Amino acid sequence: MIRINENYLKLRPSYLFSEISRRVAAFQEAHPGKDIIRLGIGDVTRALPKACIDAFHLAVDEMASDSTFKGYGPEQGYAFLREKIARYDYRSRGAEIHADEIFVSDGAKSDTANIQEIFSGDILIAIPDPVYPVYLDTNVMAGRSGDLGDGRYKNIIYLDSTAENGFVPGLPKEKADLIYLCFPNNPTGAVIPKDMLKQWVDYARHNKALILYDAAYEAFIKDGSLPRSIYELEGAREVAIEFRSFSKTAGFTGTRCAYTVVPKSCMAYDSAGGTHSLHSFWNRRQATKFNGVSYPVQKAAEAVYSDEGRAQVKELIGYYMNNASLIRARMQPLGYTCTGGENSPYIWVKTLMDSWDFFDMLLNKAGVVCTPGSGFGRCGQGYIRISAFNSHENVERAIDRIEQVLK
Ligand code: MLT
């Protein structure tokens, strides 16, 4: 008899963004002519930078001729891209990361989901609340979470991120083995100052723990004093894996390209206390289960680092950040406290009512889609997340309509 992985029965019935899509589709079906503005899932709306498109076209043309055609590429990514990443994203900022420590992939979602499989099934996991649901759900699937009780999994250490701690969780009393952190944060938009991130690095070093640092939104940081990478912190190379993506930075949500950094000095332990390189474990995993990102996509990603590419990406980020400023500037006078939107593309709005009720109200009365905060965890109850990823015109129209409803 074929049996299922019963851990799946412990999951919420549907993935947050699928549930939102379902509700929006039902609403659209009931109101066929209604114009809906989507500020829910953080999906970019503007075209790829011209430098990326040009490189993409050229690479497609290379595929059209036998002499330049490419078959399977290296599972870890082409050297031309890994070298640019190491140089421009790390060494230029004083972080000692080398090209062969970078693993190019199809997304930070898949990497943050897959990474847990190289760790033991009985490690103790610390996960922020609210949180990007992928970290939690993939550990539930893998059987690390324990059962649900009172809306929380028994074996997970929840790191509450609340208005009281500025949405930056403090160190837990327990000894966590694996810690997920995401800054600039999805969903709250909060950022972590260097001294607080240093506390996490020290905690991980002290406890022989590991930090999984999701920096998918680092390009949106404007404040120069904030860390863009965990490797800007001394000692992090031994205790942190970092995830980054071209999705939000350069508009690659549909094109798919990201990368994960696993420093060679990053170690984990077996049950006898033996030391193992996580770099070789992740390399082994990727070589077995992944065949790399397509050549044209990696060429398009490489173009992000050209002079024109960098200027175009800067413009793109600035465009979305103008939306973020606008959302903040117009929500706050309505009496809604906002976090985020200053160094991140998400604005976390306190709703003073149930998150899903607020979501339904905005959808039904304003035709605007947001993301209910409670979908990210218990501490998200009473909040919604508004995404700055849309055209300036749509964001203005959405806020006009929200204003009408909330006034
Ligand atoms: C989000 O809206 O939280 C993100 O777009 C989801 C993702 O990156 O997978």
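Before reading further, recall that the structure is shown in the block above.
Source: prediction; values computed, not measured.

Colleague: Tell me about the overall build of the chain, and please be specific about residues and values.
Modeller: When you go through the chain residue by residue, the secondary structure sums to 12 helices and 17 strands. Over its C-alpha trace the chain gives a radius of gyration of 21 Å, about what one expects of a compact globule, namely 22 Å for 407 residues. The dimensions of the chain, computed from C-alpha atoms along their principal axes, are 60 × 55 × 55 Å. A buried classification covers 56% of the 407 residues belonging to the chain.

Colleague: Report on the sheet that holds strand β13 (residues 338-340), specifying residues and quantitative values.
Modeller: Taken in spatial order, the four strands make up an open sheet running β13-β14-β17-β16, and their pairing is antiparallel. Two strands close off the open sheet at either side, each with one partner strand: β13 and β16 (371-372). For strand β14 (residues 346-350) and strand β17 (residues 383-387), the ladder comprises five bridges, and the chain directions are antiparallel. Paired with tyrosine 346 across the bridge in β17 is serine 387. Against the sheet, helix α11 (residues 355-366) makes contact with β16 and β17, and its axis sits at roughly 45 degrees relative to β17, the strand it touches most.

Colleague: Explain helix α2 (residues 50-63) residue by residue, including any values.
Modeller: The first and last C-alpha atoms of α2 sit 20 Å apart over 14 residues, in line with the 20 Å expected at 1.5 Å per residue. Residues of α2 that are buried: Ala51, Cys52, Ala55 and Ala59. Angularly, the buried residues of α2 cover 95 degrees about the axis, an arc narrow enough to put them on a single face. Away from its buried face by more than 90 degrees, α2 exposes Lys50, His57 and Asp61. Next to the buried residues of α2 lie α9 (295-302) and α10 (307-331).

Colleague: Explain the packing of aromatic side chains to me, using residue names and the numbers behind them.
Modeller: This model, assessed by the stated rule, comprises 25 aromatic pairs. Here phenylalanine 80 and tyrosine 295 contribute two aromatic rings whose centre-to-centre distance is 6.0 Å and whose plane-to-plane angle is 90 degrees, an arrangement assigned as edge-to-face. Of this pair, phenylalanine 80 sits in helix α3 (residues 79-90) while tyrosine 295 sits in helix α9, and the two are 215 residues apart along the sequence. Neither residue differs from the other here; phenylalanine 80 and tyrosine 295 are each classed as buried. A ring pair is formed by tyrosine 88 and tyrosine 305, whose centres lie 5.8 Å apart and whose planes are at 20 degrees; its orientation type is stacked.

Colleague: Explain the nonpolar core to me, using residue names and the numbers behind them.
Modeller: Judged by nonpolar contacts, the single largest core of 107 residues is most densely connected at Ile179, Ile211, Phe246, Phe252 and Met331. Shared between two domains, this core takes at least three residues from each, and those domains are domain 1 (6-47 + 308-406) and domain 2 (53-305). Isoleucine 211 has contacts with Ile179, Leu181, Trp200, Val201, Ala204, Ile230, Val239, Ala240 and Ile241, leaving out every residue within four places of it along the chain.

Criteria and thresholds
- Residues numbered from 1 in each chain as written.
- Predicted model: local features only at pLDDT ≥ 70, side-chain atom pairs only at ≥ 80, totals over all residues.
- Heavy atoms only, no water.
- Helix = DSSP H or I, 4+ residues; strand = E, 2+ residues; numbered from the N terminus.
- Rg over C-alpha atoms; globule rule 2.2 N^0.38 Å.
- Buried < 20%, exposed > 50% of the residue type's maximum accessible area, 1.4 Å probe, protein only.
- Pairing = 2+ DSSP bridges.
- Contact = heavy atoms within 4.5 Å.
- Axes fitted to C-alpha atoms, helices over the stretch in contact; angles between N-to-C directions.
- Expected span 1.5 Å × (residues − 1).
- Arc of directions from axis to C-beta.
- Phe/Tyr/Trp six-rings, centres within 6.5 Å; stacked < 30°, edge-to-face > 60°.
- Core = buried A, V, L, I, M, F, W, Y, C linked by side-chain atoms within 4.5 Å.
- Domains from an automatic or database assignment.

In short, the description is geometric, and any link to function would need to be established separately.
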